[in-house]
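Next come the chains, spelled out residue by residue.
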Amino acid sequence: VVPFHVDIDGKATRPMYERMEFIVKKLQGFYQDTFGIKVTNAQTAVGESGRGVGAEYKNRFQVLINTGFGLPQPARGERSQMGVFIRRFVSQLPPDLRGWVDTAVYTANRPWRTLGQRGAGKVAYFRPVAGYGDGTPLEHYVQRDACLRRLPMTASASAMLEEAGPRRAQPVRLIQQQHQ
């Protein structure tokens, strides 16, 4: 079981906290609609590691939700239930915000940074965003498997998450060499 997390990033001319706040509010509502569990700002930690790059600003936010529940960690070669949930959530966002939520990072053994860390070769550190979390260290939101229970499944959540599971084998493309 892995904690619930979302990666939000996008380029603009300045930090876009209002976009992040809109996405987080929609995410909290979608989570409640899907799993029947209300999520407050105290249960939602948001960290950011945005930075200026030339004339642009690279916005980068990571959202960690702690309701005491998580989703199963996908095995190698399986689709992630977290990824399925995120793709469904993104499909319900306004078109101009869909590209701001990363849908490709929910795979097996994908590490998530915590407060004060930075990505390999990166200069921007992961800092907390005011107004989110309950004042405890961010590690409270990145819980061990033993601390989490599987999310209760409503009928709509079960139907949606059935898309996860073993991936179908992709056809192998044969490269034909020309004979000279």
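These figures come from a predicted structure and were not determined experimentally.

### So, the packing of aromatic side chains
Given two aromatic rings, their pairing is described by the distance between the two centres and the angle made by the two planes. Counted under the stated rule, the structure contains 5 aromatic pairs. A centroid spacing of 5.6 Å and a plane angle of 65° characterise the contact between Tyr17 and Phe61, whose relative ring orientation is edge-to-face. Taken as a pair, Tyr17 in helix 1 (residues 17-35) and Phe61 in strand 4 (residues 56-65) lie far apart in primary sequence, 44 residues in all. Ring centres of Phe35 and Phe85 lie 5.5 Å apart, and the angle between their planes is 20°; this geometry places the pair in the stacked category. Taken together, the residues span a long stretch of sequence, with Phe35 in helix 1 and Phe85 in helix 2 (residues 81-91) at a distance of 50 residues. Phe85 carries the same exposure label as Phe35, and that label is buried. Cluster of aromatic residues (ring-pair linked, three or more members): Phe30, Tyr31, Phe35, Phe85 and Phe89.

### Topic: the pattern of salt bridges
For the structure shown, the criterion picks out 3 salt bridges. Across the pair Arg60 and Asp9 runs a salt bridge whose closest N-O atoms are separated by 2.6 Å. Separated by 51 residues along the polypeptide, Arg60 in strand 4 and Asp9 in strand 1 (residues 4-12) bring together distant segments of the chain. The exposure class assigned to Asp9 is buried, which follows from its relative accessible area of 13%. Residues Glu18 and Arg14 are paired through a salt bridge, measuring 2.7 Å at the closest nitrogen-oxygen approach. Judged by relative accessible area, Arg14 falls into the partly exposed class, the value being 40%.

Definitions and cut-offs
- The numbers attached to residues start from 1 for each chain and follow its sequence in the written order.
- The predicted nature of this model means local features are confined to residues of pLDDT at least 70 and side-chain atom pairs, given and counted, to a pLDDT of 80 or more, with totals for whole chains, interfaces and linings taken over all residues.
- To obtain the side-chain values, all non-hydrogen atoms of the structure were used and water was disregarded.
- Each pair of aromatic rings taken from Phe, Tyr and Trp, with Trp reduced to its six-membered ring, is defined by centres within 6.5 Å and is described as stacked if the planes are under 30 degrees apart, edge-to-face if over 60, and tilted in the remaining cases.
- Secondary structure follows DSSP: runs of H or I at least 4 residues long count as helices, runs of E at least 2 residues long count as strands, and numbering of each begins at the N terminus.
- For every residue, the accessible area obtained with a 1.4 Å probe (protein chains only) is divided by the maximum for its type, and the residue is called buried under 20%, exposed over 50%, and partly exposed between those limits.
- For this document, the term salt bridge refers to a Lys or Arg side-chain nitrogen within 4 Å of an Asp or Glu carboxyl oxygen.

Everything listed is a geometric property; what it means functionally is a separate question.
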